[in-house]
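Structure at a glance
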Amino acid sequence: MPRERILIYSSLLTIALAGAGFYAFKQASDPRLSKDEVARIGNSVITADQLKTYMGQRSSASNALEIKKRLLQEMIEREALIATAIDEGYEQDPAVVRALENALIARLRERQLNPAIERIRVSEDQVSRYYRDNIARYTTPAQKRAAIIKFELADNAPAAESKRVGELADRVQTLALSQPEAVRGFGSLAAQYSGDQGSRYVGGDIGWHVAQSQSLDPALAAALSDLTKPGEISAPIKSRDGLFLLKLIDIRGERITPLESVASNIRIQLLQRMRMEQEADWLKATVASLKPAVVNESLLSQMVVVRDEEVAAVRPPELPQ
């Protein structure tokens, strides 16, 4: 083949290769989009349906071209940020992984657990049965309101001192019995003679107590049980804290709160309990649907967690600069 013809063929081949390379570059940098693709960025594609959905979520969206371009640009920017974050490896960041896991759990609960919980109803029979089975919770036992006058007297007090305090208590009892019925408790006698600072300035009133109240000295509780009529005053009572006079101020009989007054609270309580039981059953079934959990008891018993504040507590102080 003549040299000139070889040169001509080489030139034509070079031109053809250059043209093909340019065409391939153009195709790679400016790919043609399919009919349902609005935009493409990197490996991500934004379809017309995706853009329509995004527009439907924006109250400011309209069919104006400028608005559509602006919202499309927002989607492109979002895809670019996501792609860049993935390129940087942020999807492996523990905080990101944890957030994704939480989102997955929230969606699972939303789709599986929440509908079951919302279907739970508490019937009137369940409310009534709970009320009957727990009637003690809605019953206030009979109570007595009392007043005291305390005379200081130690257990090991000499006989003369015990006699003196006993005679004083008898005189005060006589004075108390002569008081008008309208006097609340022991009236001014408590302020004058009682050593109980919490009640002496309110006529000795110590409030309401049930039978054999644990808040009263056993000797006082027993004496209060023996008083049956408001206004009654006991004989002097010896207890570990001194010598006492006790007066019955008022009596309040046993009271049962009616069902209609507590039904709504019972319903709420039952609903909460039933929802918790539903969640516990759902969690148990979810775990069982995979494989039985296997726990390394030996490793678990050997694990030790040191908290940051504990590390700081044992860290030696820094040397002076």
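Since the model is a prediction, treat every value here as computed from it, not as a measurement.

Under the defined criterion, the tally for this structure stands at 1 aromatic pair. Sitting above the plane of the Trp208 ring, Arg252 keeps its charged end 3.9 Å from the centroid.

This brings us to the layout of surface pockets. Of the pockets and cavities examined, the largest pocket occupies roughly 260 Å³. Around the largest pocket, the lining is made up of 14 residues, and of these Glu181, Val183, Pro230, Gly231 and Lys247 lie nearest the centre. Going through the elements one at a time, helix H6 (159–177) and strand S7 (242–252) are the ones with two or more residues in the lining of the largest pocket. The element that contributes the greatest number of residues to the lining of the largest pocket is S7, accounting for 3 residues. The residue makeup of the lining of the largest pocket, split by class, is 8 nonpolar, 3 polar and 3 charged.

Backbone-to-backbone hydrogen bonds pair the strands of a sheet. The strands run either parallel or antiparallel. Within the open sheet, the 4 strands sit side by side as S5-S4-S7-S6. Their pairing is antiparallel. Whereas interior strands pair on both sides, the edge strands pair on one side only; in this sheet they are strand S5 (205–210) and strand S6 (237–239). Across the sheet, the axes of successive neighbouring strands diverge by a mean angle of 45°, strand direction being ignored. Summarising the sheet, strand S4 (residues 143–151) and S7 pair through 9 bridges and their orientation is antiparallel. Looking at S7, one finds that Lys144 is bridged to Ile251. Along the sheet, H6 contacts S4 and S7; its crossing angle with S7, the most-contacted strand, is approximately 25°.

Turning our attention to the confidence of the model for the protein. Averaged over the protein, the pLDDT score is 86; the fraction of residues at 70 or greater is 86%. Averaged pLDDT values over the elements of the protein bottom out at 38 in helix H1 (residues 3–29) and peak at 97 in helix H5 (residues 124–133). Of the regions scoring below 50 in pLDDT, residues 1–30 engages in 2 contacts with residues more than four places distant in sequence or in other chains.

Conventions used here
- Residues numbered from 1 in each chain as written.
- Predicted model: local features only at pLDDT ≥ 70, side-chain atom pairs only at ≥ 80, totals over all residues.
- Heavy atoms only, no water.
- Phe/Tyr/Trp six-rings, centres within 6.5 Å; stacked < 30°, edge-to-face > 60°.
- Lys NZ or Arg CZ within 6 Å of the ring centre and 35° of its normal.
- 1 Å grid on protein atoms, 1.4 Å probe; cavity = no way out; pocket = protein on both sides within 12 Å on 5 of 7 lines; lining within 4 Å.
- Points joined across faces, edges and corners; volume = space filled by probe spheres on them.
- Helix = DSSP H or I, 4+ residues; strand = E, 2+ residues; numbered from the N terminus.
- Nonpolar A, V, L, I, M, F, W, Y, C, P; charged D, E, K, R; others polar.
- Pairing = 2+ DSSP bridges.
- Axes fitted to C-alpha atoms, helices over the stretch in contact; angles between N-to-C directions.
- Contact = heavy atoms within 4.5 Å.
- pLDDT = per-residue confidence, 0-100.

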